[in-house]
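Observations on the three-dimensional arrangement
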Amino acid sequence: RTRTAFANSTLTAPLSALGPMIDQQAQARNVTSSTAAAEDAPSTMLANAQLQESDYAELVTVMSPVLQRELEHANSLGRVQEVQDQIESVKRIMEQNVEMMLDRQELLDSLDAKTSDLNAAAGGFRKKARGLRRWHLMNQVKWGVAIGTLVTASVAIPIAVIAAA
């Protein structure tokens, strides 16, 4: 389709939806075009085509910033959704990290409790080992004294009997 045909099809019906300023301009041009149509049909058609082309150019200049703004707004919604998706992704990752940290902390607490128990057991073992060592030493001393006394008595009694005779 040509630009004029496009302008004819787009400018007739939806002009009322574009706002009061454009409505007034379109009505004024329609009034002038209807009076000119009665005078001369071929020149009127050419004038109407030029008028509609100028309407199209004016519409483009008026609507371009609006359409651009709406397009940017629609695109920014996509960017907002993309950022929200990234935030959700980071949030899920952070939740997983927190869960892993909590699990690790539980394992560390369990390990700490086991080391405390092992440390207490090692202290008890050390105490019992020391007591056992002392008991063995005391037994050695007792037996040493007993055997020493026995040997001394068994040697001293016969010598004393021989010396007394």
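Residues numbered from 1 in each chain as written. Predicted model: local features only at pLDDT ≥ 70, side-chain atom pairs only at ≥ 80, totals over all residues. Heavy atoms only, no water.

Looking at the overall build of the protein
When its secondary structure is counted, the protein shows 3 helices and 0 strands. Secondary structure elements of the protein occur, N-terminal to C-terminal, as α-α-α. Taken over 165 residues, the protein has a buried fraction of 8%. In the protein, the proportion of contacts linking residues at least 24 apart, taken out of those at least 6 apart, comes to 63%. As displayed, the protein offers around 13,600 Å² of accessible surface, 65% of which is attributable to carbon and sulfur atoms. (Helix = DSSP H or I, 4+ residues; strand = E, 2+ residues; numbered from the N terminus. Buried < 20%, exposed > 50% of the residue type's maximum accessible area, 1.4 Å probe, protein only. Contact = heavy atoms within 4.5 Å. Areas by Shrake-Rupley, 256 points an atom, 1.4 Å probe, with all protein chains shown as cover.)

Comments concerning the confidence of the model for the protein
Mean pLDDT over the protein stands at 79; residues scoring 70 or higher make up 75%. Per-element mean pLDDT across the protein ranges from 44 in helix 1 (residues 3–11) up to 89 in helix 3 (residues 41–164). In the predicted structure, residues 1–18 sits below a pLDDT of 50 and forms 20 contacts with residues beyond four places in sequence or in another chain. (pLDDT = per-residue confidence, 0-100.)

Notes on a negative patch on the surface
A cluster of like negative charges, contributed by E82, D85, E88, E95, E99, D103, E106, D109 and D112, occupies part of the molecular surface. What makes E95 partly exposed here is its relative accessible area of 46%. (Patch = residues over 30% accessible without salt bridge, like charges linked within 9 Å, V, L, I, M, F, W, Y side chains within 5 Å. Salt bridge = Lys/Arg side-chain N within 4 Å of Asp/Glu carboxyl O. Lys, Arg positive; Asp, Glu negative; His and termini not counted. Charge placed at Lys NZ, Arg CZ, Asp CG, Glu CD.)

Some words on the pattern of salt bridges
As enumerated under the stated definition, the model contains 1 salt bridge in all. Here E70 and R69 are joined by a salt bridge, their closest N and O atoms 3.7 Å apart.

Quick look at a nonpolar patch on the surface
A cluster of nonpolar side chains, contributed by W143, I147, V151, V155 and I159, occupies part of the molecular surface with about 520 Å² of accessible area. Take I159: its relative accessible area is 53%, and that puts it in the exposed class.

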